[in-house]
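Residues per chain are reported as follows:
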Amino acid sequence: MTWRTIKQLADAAAPEELFTDQWQNRPSVLDGYKPYLDDRWNDGITNAWKLWEEIVPLGYKGSYQRVRAYLHKKRTSPRPVTARPPSPRTVAGWILRRPETLTESELRQRMFTTLSSVPMRPCSMFMRSGSTGSGALLLAGASGC
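So, here's what we can say about the structure. (Residues numbered from 1 in each chain as written. Predicted model: local features only at pLDDT ≥ 70, side-chain atom pairs only at ≥ 80, totals over all residues. Heavy atoms only, no water.)

So, on to the environment of Val-67. Looking at where Val-67 falls in the secondary structure, it is placed in helix H4 (residues 64-76). Of the residues examined, Val-67 reaches a relative accessible area of 0% and is grouped as buried. Remark: the alpha-carbon pair of Val-67 and Leu-37, spanning 30 residues in sequence, is separated by 8.8 Å. Beyond its immediate stretch of four places on either side in the chain, Val-67 contacts Leu-30, Leu-37, Ala-48, Trp-52, Ile-55 and Tyr-60. (Helix = DSSP H or I, 4+ residues; strand = E, 2+ residues; numbered from the N terminus. Buried < 20%, exposed > 50% of the residue type's maximum accessible area, 1.4 Å probe, protein only. Contact = heavy atoms within 4.5 Å.)

What follows deals with the environment of Ile-45. Tracing the sequence through the fold places Ile-45 in the loop between helix H2 (34-42) and helix H3 (48-55). Here Ile-45 is in contact with Arg-40 and Leu-51, once residues within four sequence places are set aside.

With that out of the way, let us pick up H4. Compared with the 18 Å implied by 1.5 Å per residue over 13 residues, the 18 Å span of H4 between its first and last C-alpha is a close match. Burial in H4 covers these residues: Val-67, Tyr-70 and Leu-71. Taken end-on, H4 shows its buried residues confined to a sector of 90 degrees, consistent with a single buried face. Of the residues in H4, the exposed ones pointing more than 90 degrees away from the buried face are Lys-73 and Thr-76. (Expected span 1.5 Å × (residues − 1). Arc of directions from axis to C-beta.)

Turning to a nonpolar patch on the surface, a few remarks are in order. Together, Met-1, Ile-6, Leu-9 and Leu-18 give the surface a local cluster of nonpolar side chains, amounting to about 430 Å² of exposed area. Mapped onto the secondary structure, Met-1 falls in the segment before helix H1 (3-11). (Patch = residues over 30% accessible without salt bridge, like charges linked within 9 Å, V, L, I, M, F, W, Y side chains within 5 Å. Areas by Shrake-Rupley, 256 points an atom, 1.4 Å probe, with all protein chains shown as cover. Salt bridge = Lys/Arg side-chain N within 4 Å of Asp/Glu carboxyl O.)

This next bit is on the packing of aromatic side chains. In the structure shown here, the tally under the stated rule is four aromatic pairs. Considering the side-chain rings of Trp-49 and Trp-52, the 5.0 Å spacing of their centres and the 40 degrees angle between planes classify their relative orientation as tilted. One end of the pair, Trp-49, and the other, Trp-52, are both in helix H3, three residues apart, so they sit about a helical turn from each other. A relative accessible area of 41% means that Trp-49 is categorised as partly exposed. Each ring, one from Trp-49 and one from Tyr-64, has its centre 5.1 Å from the other, and the planes form 65 degrees; the classification is edge-to-face. (Phe/Tyr/Trp six-rings, centres within 6.5 Å; stacked < 30°, edge-to-face > 60°.)

In structure tokens:
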């Protein structure tokens, strides 16, 4: 090792300071196309070859391997955990059961589901009334729920 390397190692206050190589933070040929690739990735297009074929006519001069490596990082990065939506059978159970038999959590989920869904809004008015029985089912069919 040269004296300059030893001095650089000795003067570093944190290990991150040692990673200032010529390749760090260097602009990539792919940088201008990353927003497009991200949008297509979010649209559900995850095939690297197809995405590479899409950006070549847009002026991309880099290699397919660079696109593949960028998408590989996206594939292996941790994704946010999201709750699964309730099944249609579960939602139907919330709607058709009497409100007094539902748990507090089921009541909250029922209200959230019916108020956040445009086709379910007429049903939410019907459900608040607490009507049950065959007459209620006929009313539900007539009101569009």
